[in-house]
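The residues making up each chain are set out below.
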There are 2 protein chains.
Amino acid sequence: MSNKKYVFDFEEGNTGMKFLLGGKGSNLAEMTRLGFPVPQGYTISTEACNEYSKIRKYPDGLTEEIEEHQRRLESKLSKELGDTNDPLLLSVRSGAPFSMPGMMDTVLNLGLNDETIDGLVRQTRNERFAYDAYRRFIMMFSDIVLKVDREKFEHELRAMKKKRGVKQDTELTADDLKELVGIYKNIVKEKTGKEFPKDPKVQLDKAINAVFESWNNPRAKTYRKTYKISDDLGTAVNIQTMVFGNKGNDSATGVAFTRNPSTGEKDSFGEYLINAQGEDVVAGIRTPKPLDELGAEMPGVYGELMKVMDNLEKHYRDVQDVEFTIEQGKLYMLQTRTGKRTAVAALKIAVDMVNEGLITEEEAIKRIDPAQLDQLLHPRIDPKAELEVLATGLPASPGAATGEVVFDADTAEEENNAGKKVILVRWETTPDDIHGVIAAQGVLTVHGGMTSHAAVVARGMGKPCVAGCEALNLDLENQLFKLNGKTIKAGDIISIDGSAGRVILGEVSLIPPSVSPDLQKILEWADKYRKLGVRANADTPEDAKKAREFGAEGIGLCRTEHMFFGDERLPLVQQMILSETDEEREKVLEKLLPHQRVDFEGIFKAMTGLPVTIRLLDPPLHEFLPNLADLRVELVEMRFKGVSEVEIAAKEKLLHKVRAETEMNPMLGLRGCRLSVIYPGIYKMQVRAIMEAACSVKKEGFEPVVEIMIPLVSHANELIITREKAEKTVKEVLDERKMDVAYKIGTMIELPRAAITADKIAESAEFFSFGTNDLTQTTFGFSRDDAEAKFLARYLEDKILPVNPFEVLDQKGVGHLVDTACKLARKTKPDIKLGICGEHGGEPSSIGFCHKTGLTYVSCSPYRVPLARLAASQAAIGVSEDTTK
Amino acid sequence: MSNKKYVFDFEEGNTGMKFLLGGKGSNLAEMTRLGFPVPQGYTISTEACNEYSKIRKYPDGLTEEIEEHQRRLESKLSKELGDTNDPLLLSVRSGAPFSMPGMMDTVLNLGLNDETIDGLVRQTRNERFAYDAYRRFIMMFSDIVLKVDREKFEHELRAMKKKRGVKQDTELTADDLKELVGIYKNIVKEKTGKEFPKDPKVQLDKAINAVFESWNNPRAKTYRKTYKISDDLGTAVNIQTMVFGNKGNDSATGVAFTRNPSTGEKDSFGEYLINAQGEDVVAGIRTPKPLDELGAEMPGVYGELMKVMDNLEKHYRDVQDVEFTIEQGKLYMLQTRTGKRTAVAALKIAVDMVNEGLITEEEAIKRIDPAQLDQLLHPRIDPKAELEVLATGLPASPGAATGEVVFDADTAEEENNAGKKVILVRWETTPDDIHGVIAAQGVLTVHGGMTSHAAVVARGMGKPCVAGCEALNLDLENQLFKLNGKTIKAGDIISIDGSAGRVILGEVSLIPPSVSPDLQKILEWADKYRKLGVRANADTPEDAKKAREFGAEGIGLCRTEHMFFGDERLPLVQQMILSETDEEREKVLEKLLPHQRVDFEGIFKAMTGLPVTIRLLDPPLHEFLPNLADLRVELVEMRFKGVSEVEIAAKEKLLHKVRAETEMNPMLGLRGCRLSVIYPGIYKMQVRAIMEAACSVKKEGFEPVVEIMIPLVSHANELIITREKAEKTVKEVLDERKMDVAYKIGTMIELPRAAITADKIAESAEFFSFGTNDLTQTTFGFSRDDAEAKFLARYLEDKILPVNPFEVLDQKGVGHLVDTACKLARKTKPDIKLGICGEHGGEPSSIGFCHKTGLTYVSCSPYRVPLARLAASQAAIGVSEDTTK
């Protein structure tokens, strides 16, 4: 026998026991402790689940413990499971440490069978209610425990409604439901070969097992992967006395938020259904009423609910998302948890709560998920655009998206993998659709309210969702829907506006987002606390302006190669590469010079007073040339077509040169500072353009802060000679112009050898910028181009790698090199500036790493600058509270 | 004024002052100290040269110090520079810390002018001698100090001999020489616009300057690069009283070795010329006589010389290479130094000296340059081959080679760079030809003896050389030579046999070398002292046998991909890759299985009792497929030619698949253990073949020691899952065969991330093998294929990198990762086996690093195994003595 305690009465727990009792269990315990009206019950701990996952059976002693707590519950209520006169009915619900809405299983009304049903009828004097509960129980239990397809039961329910000519489940009579119970039991017998289990103790045991099993069902695993929830947390099981929202028109069930989870407004917000059980609301099968109507329908209970919610928010100091049931006029609280919210709401709530004195600035900062900010900084529909609005549904998750219509989650995933943008259109979404929601740009559902599964999941992901668009006439068989007289087929383009609930025909033009006052306030606070600087990666004056608007404190990476691709420029660049002599090359470079100078002038002006780090040319030259195989094919075609010898000779010459420039592994070839050794003219031209631009704008009164960055250094000597040449050119320009412009010269650290020998390299560098994209490639030996297409997806699927190292900085490997380089560099130059300009500079956990390592700044895309400011301040304040999970 | 002492009389120095006084200076001092007959003089230190190199003028105080020592020399001899009655004549010779034969400059007979010449004539009563000295002085001084082309003077000398109808310089009369002096002075005036400098003090000053300058002349720089001699050592300048080997037939000059430098036999060996100055011997202009003839010509002096040489060898405890001059019957020693020798000689001398009790085993081991062993282990001419021998010259450097004839050093270098093998054919080689000797397979000269420049340099490099092949009729103008009635043109193929002096027409078949008794003895000693194991990289049973013969203690790397290229196999491999389904692929793999099994059986048998590390498939699959561009071109051609649709469709299908497999950077793509994730069948087949082979040979009584190696791991999880799968297959085979075969599973460490996380990886590995080729690629970010062609040569030329990191392990970068990995791995598993199987495993300095890092073994090509055994023992004994530089 184990000494472990696996089962806890609600009276025994509290909100701090989240990891042991799950979110739901610990909060039920907390509410019980605080005296809120909670139906009695007990919780089986996550530890029991974890033991079960290992040995695939109850750990020693668990059966006895459950029996003991069950006996205690029965004696407190003076009711017994299986009592044919007055049966105790139970709900059996999963509850993991982090909320995973709808991902795991729940069984309600457990304890019913052909004998106890009569006792329930007698006790409630309500045959219709009793059989409604019974048919629900058989369906849920069969679905979850016996694995009989739920659709079979739903089909019979629809058939019955059709037969009776009614629309609502509530319109079915007790006899209809009784008949349905018989049909349901037959389905079970037919599908499983066995009778539906009668013994309530067996029912309870099987239900608990099923909840344990559900921790490892595929949709729960997918959800955990998406939200990076650890697989070894396990779920608790909550066994609770049933209360009934479906006992007649004085009964109801609903969900509510203490503040509006879409806008953040301080107004309770929710939905309810009269005479229904909880899953009717959440599953979105019937469209519920807004919460304030409850005030008219049941003013007393409504008042009580408002008071409870107010107290809960004050107690938890955060927005609460509650489930409640009204049984014949009496209020019961079934759940409370931190409310998920949109990014807009999160910001407003955080700012308001600071203003209300409920939380501190630091807490407000910690409560915003930086990743969620992304949705605010996504484009929205241009208000001036002319739109063909087909219909309006519920604005279930803000933002806008355009894509091809798909009608199921698998197709959504396939099309997305094929590079297409899709909108997932469903009757309603279920937890089984999770992979489709991940793959889609947005979700449109016919049924369901603001708290339906689709809405909750989409908001969590920051994807637009329009829900409850009942006007939409869906025809899955023919893969189309009709709406407002139009027929839309699979593959047609629609747009959705999740902020206004609009469904729009065709593509729409989107405009870039800006920083709202709430975001502005949070970012102001964030700036107070953060230690990391935040710069942007920007290659054009436009991007530079945007970056500055978003609060960038400089440009951490200006890629000069992008400037080589313009229509006027590419031919010059090609000519430069194909030059046969150095003199010829110099001449072409002279023609490129004015173009580059203009680029730099614009950027220096936009960033006046702030540092601009300009990286000299980095990619292999053949990126600018035609493809070798294409040329060979063209040449063969020319020969067969009998083109003139002169043209053929010219093409052959081009081919010859392109062949000479083509490399086996260009990523590891002639690029970066290696170019400057072989073709010194290129960097010379670029440095000249930079310094001439700096002189010009300074003369106009701007304040250029020049940082010249030399890429792909592996050995200190490369930097020494490249730096020497650059300084010579700088001096030439300043002498010619008779001006003085301050400048720094530094290098990228993007090769393992550079990181390992950073002490030597630092001798010739005023700053380092970690190019973690390239560093990840060489540290892992992964070519990003090839890896993502060839094996990385499989690696993530098989969990060989926990995350994609090109998205989230690999702290153990790449991070170790970054950390080593920082320590070595500071040994040589204690004050050296250290930044990061890989894509990781805009990813929250990587930003946390950069803070910890003591970098000077991170640099990311302009739209991610606010995110980076927030993540940097969270890193400075300490581990962020997990408010979203 | 500086306090430094820059100038030292010979009496002030000793042999330990090599770095300050140079090799020649310190040994002249040592010989003076020991009472050997050395003409008096003084040495200007290398420090003076280094100061000069920095400031391009004499450092403060040097002029005064030279004057002081010059005065002291003059007073000791009672002779003065510039004395018109009895002039002192000087030699001014360079002498660096490491011998660089012929690389730097020497001026003899300094002090002559139109006045002092008369004094010399009077004192010597030998007008012919005096004018011979004078004309030599003008030529050397003009060549070295005034930079007038030496050829101008040589031309006039030849013209004079022709005019007089004589063959030898010695046949010219005093008047001829006097006339020649006049002609020489005119050449100087014409070429420089100035008179030849008359003042002996000016002559001395200019000569010293010229020696300083010569340290940085291009041929000296090339030599230092080849022999890895540091540029900042500088050269000393030795100023010594002239003695004359050209004072008549009782005078002579020569060079001698205390033992034979080609064979190592304990016989003094050398050459001399009667009535000549030293440079006549070294430059190979006249063909000298063998030393033992001196015994007949001058028995007394010969006896004295033999005694001096014997004493010198005993004193220095190593073979000495001496220069001597006999002036009118009196012996003078002009130089002694450690004698360069062939690998064969080095081995024999080392073994003999141990047997003679002169040195210890450890000293013997330290005296063999491991790199030099390479020449012993190169192929030689099959003694049974029928050869068309054109002529026989001197066997100047052993070994054999075949190549295209080239007639100058630049062409040799060009052709070599273009991948051709060449034999350099010259009248004689000069230090200016050094780059041609490096580039050629072997050297053939018309003039010169065993100690000529060509012979010394070729022996040092382990290249075959035939010298003094006077029968060869060279016609440089027409780029051909005639020999034995045949005309050989540039580009024709010849072979040379440097061990027998033979010149052979056409290609010859070479046979592999074996281990001589001397080498065997040295290696036996080496094995006693070394700590590192030595294994071989071998992919076939033949290579495995050879490796075992050479003393390999196992196979460190057996590359299975080479087995995929056989005629029968490649089509199967292609079919396997192009399989559309897993089942199809499995079927093809089944057909490949027996082939692989046979390979492994042969290798296990050859290595019975010794470990065999087999690496599972490593390269990207598209290496086995046709080239994408080729296929595209073929397809276009097929279309134009109107080939049938069926054939086109088949080709298109192939193209499609090849395109899918083609990668941007295959080095960083789908290869190594990544293949096993995507196509698990390949490794499964290979592991099955390995274990089936092991079972079969074990049944036959052999003792297979199986080590399965998984390549390209970057994350511990890759090894975990690949290992699990492999172990499953191993178990299957052993169960089927009902046998037990011990095996280990380990991994390559060839990616930076693997090195950094070696502690985690070691949890699943019984051994590591460092793949330093790949590790160098990713650590530097250099693709070997591209870097060597595109920029690495330039990097070495510009000294951005000191050595090619693919040849010599980069200890600061790549080595740091290796060291880190070893430390981390031992933390997890103190006894883990750690090896290296990159090409660095056969390179002496890298082997030293492996010893220091505490690796278990190195693995290299079979022919390098003896070298590795020796280098490993040297590393264990301590820093090797520098006997070759």
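Now for a quick tour of the structure. (Residues numbered from 1 in each chain as written. Chains lettered and ligands numbered in written order. Predicted model: local features only at pLDDT ≥ 70, side-chain atom pairs only at ≥ 80, totals over all residues. Heavy atoms only, no water.)

## Side note on the overall build of chain A
For step 1, the next point in the chain: From N to C terminus, chain A includes 34 helices and 31 strands.
For step 2, the next point in the chain: Relative to its length of 885 residues, chain A is compact, with a C-alpha radius of gyration of 32 Å against a globular reference of 29 Å.
For step 3, the next point in the chain: Its C-alpha atoms put chain A at 105 × 65 × 55 Å along the principal axes.
For step 4, the next point in the chain: Relative to its full complement of 885 residues, chain A shows a buried share of 59%.
For step 5, the next point in the chain: Put simply, 69% of the contacts in chain A that link residues at least 6 apart link residues at least 24 apart.
For step 6, the next point in the chain: Counting only carbon and sulfur atoms, one obtains 49% of the accessible surface of chain A, whose full area is about 34,300 Å².
For step 7, the next point in the chain: Of the side chains in chain A, 118 bear a positive and 137 a negative charge, and the two mean positions are spaced by 2 Å. (Helix = DSSP H or I, 4+ residues; strand = E, 2+ residues; numbered from the N terminus. Rg over C-alpha atoms; globule rule 2.2 N^0.38 Å. Buried < 20%, exposed > 50% of the residue type's maximum accessible area, 1.4 Å probe, protein only. Contact = heavy atoms within 4.5 Å. Areas by Shrake-Rupley, 256 points an atom, 1.4 Å probe, with all protein chains shown as cover. Lys, Arg positive; Asp, Glu negative; His and termini not counted. Charge placed at Lys NZ, Arg CZ, Asp CG, Glu CD.)

## Comments concerning the interface of chain B and chain A
For step 1, the next point in the chain: Across the contact, 56 residues belong to chain B and 56 residues belong to chain A.
For step 2, the next point in the chain: Interface area for chain B against chain A, summed over the two sides, is near 4,900 Å², with a carbon-plus-sulfur share of 63%.
For step 3, the next point in the chain: Area buried by chain B at its contact with chain A is led by L668, R753 and K790 of chain B, which between them contribute 13% of it.
For step 4, the next point in the chain: Taken together, the connections running from chain B to chain A amount to five salt bridges.
For step 5, the next point in the chain: In this structure, the salt-bridge partner of D810 of chain A is R753 of chain B, at a minimum N-O distance of 2.7 Å.
For step 6, the next point in the chain: Breaking the side of chain B that touches chain A down by element, the ones donating at least two residues are α23 (628-641), α24 (645-661), α25 (673-678), α27 (716-737), α28 (752-756), α30 (772-780), α31 (784-797) and α32 (814-828) of chain B.
For step 7, the next point in the chain: With eight residues, the single largest contributor to the side of chain B that touches chain A is α23 of chain B.
For step 8, the next point in the chain: Grouping the amino acids of the side of chain B that touches chain A by side-chain chemistry returns 25 nonpolar, 14 polar and 17 charged. (Buried area = accessible area lost by both parts, 1.4 Å probe. Salt bridge = Lys/Arg side-chain N within 4 Å of Asp/Glu carboxyl O. Nonpolar A, V, L, I, M, F, W, Y, C, P; charged D, E, K, R; others polar.)

## With respect to the sheet that holds strand β19 (residues 480-483) of chain B
Residue and element names in this part refer to chain B.
For step 1, the next point in the chain: Read from one edge to the other, the open sheet built from three strands follows the order β18-β19-β20, with strand pairing classed as antiparallel. Two strands bound the open sheet, and with one partner strand each, they are β18 (473-475) and β20 (486-489). The sheet shows a mean angle of 20 degrees between the axes of neighbouring strands, direction not considered.
For step 2, the next point in the chain: In terms of strand pairing, β18 meets β19 through three bridges, oriented antiparallel. Within β19, the residue paired with L474 across the bridge is F481. (Pairing = 2+ DSSP bridges. Axes fitted to C-alpha atoms, helices over the stretch in contact; angles between N-to-C directions.)

## With respect to the sheet that holds strand β4 (residues 106-110) of chain B
All names here are of chain B.
For step 1, the next point in the chain: Pairing is antiparallel in the open sheet, where five strands are placed in the order β1-β2-β5-β3-β4. Strand pairing shows two members of the sheet lacking a second neighbour, β1 (7-9) and β4, which therefore form its edges. Within the sheet, the average angular offset between the axes of one strand and its neighbour, ignoring direction, is 20 degrees.
For step 2, the next point in the chain: The sheet contact formed by strand β3 (residues 90-95) and strand β5 (residues 236-241) spans six bridges and is antiparallel. Across the sheet, the residue bridging to L90 is T241, located in β5.

## Considering the relation of the copies chain B and chain A
For step 1, the next point in the chain: Between chain B and chain A, which share one sequence, the superposing operator has a rotation angle of 180 degrees and an axial displacement of 0.2 Å; the RMSD is 0.2 Å. The superposition of one copy onto the other is thereby described by a two-fold rotation axis.
For step 2, the next point in the chain: Here 100% of the contact residues of chain B are again contact residues in chain A; the copies associate through an equivalent surface. (Least-squares fit on C-alpha atoms with pLDDT ≥ 70 in both.)

## Quick word on unusual backbone geometry
All names here are of chain B.
For step 1, the next point in the chain: Unlike most non-glycine residues, R56 shows phi in positive territory, near 55 degrees.
For step 2, the next point in the chain: Position of R56 relative to the elements: it lies in the loop between α2 (46-55) and α3 (62-77).
For step 3, the next point in the chain: Of note in this structure, K799 is not a glycine but carries a positive phi near 60 degrees.
For step 4, the next point in the chain: As for its position among the elements, K799 is in the loop between α31 and α32.
For step 5, the next point in the chain: Taking relative accessible area as the criterion, K799 reaches 43% and is therefore assigned partly exposed.

## Brief notes about a negative patch on the surface
All names here are of chain A.
For step 1, the next point in the chain: Judged by side-chain charge, E580, E583, E584, E586 and E590 come together as a negatively charged surface patch.
For step 2, the next point in the chain: With respect to the helices and strands, E584 occurs in helix α22 (residues 582-606).
For step 3, the next point in the chain: Take E584: its relative accessible area is 37%, and that puts it in the partly exposed class. (Patch = residues over 30% accessible without salt bridge, like charges linked within 9 Å, V, L, I, M, F, W, Y side chains within 5 Å.)

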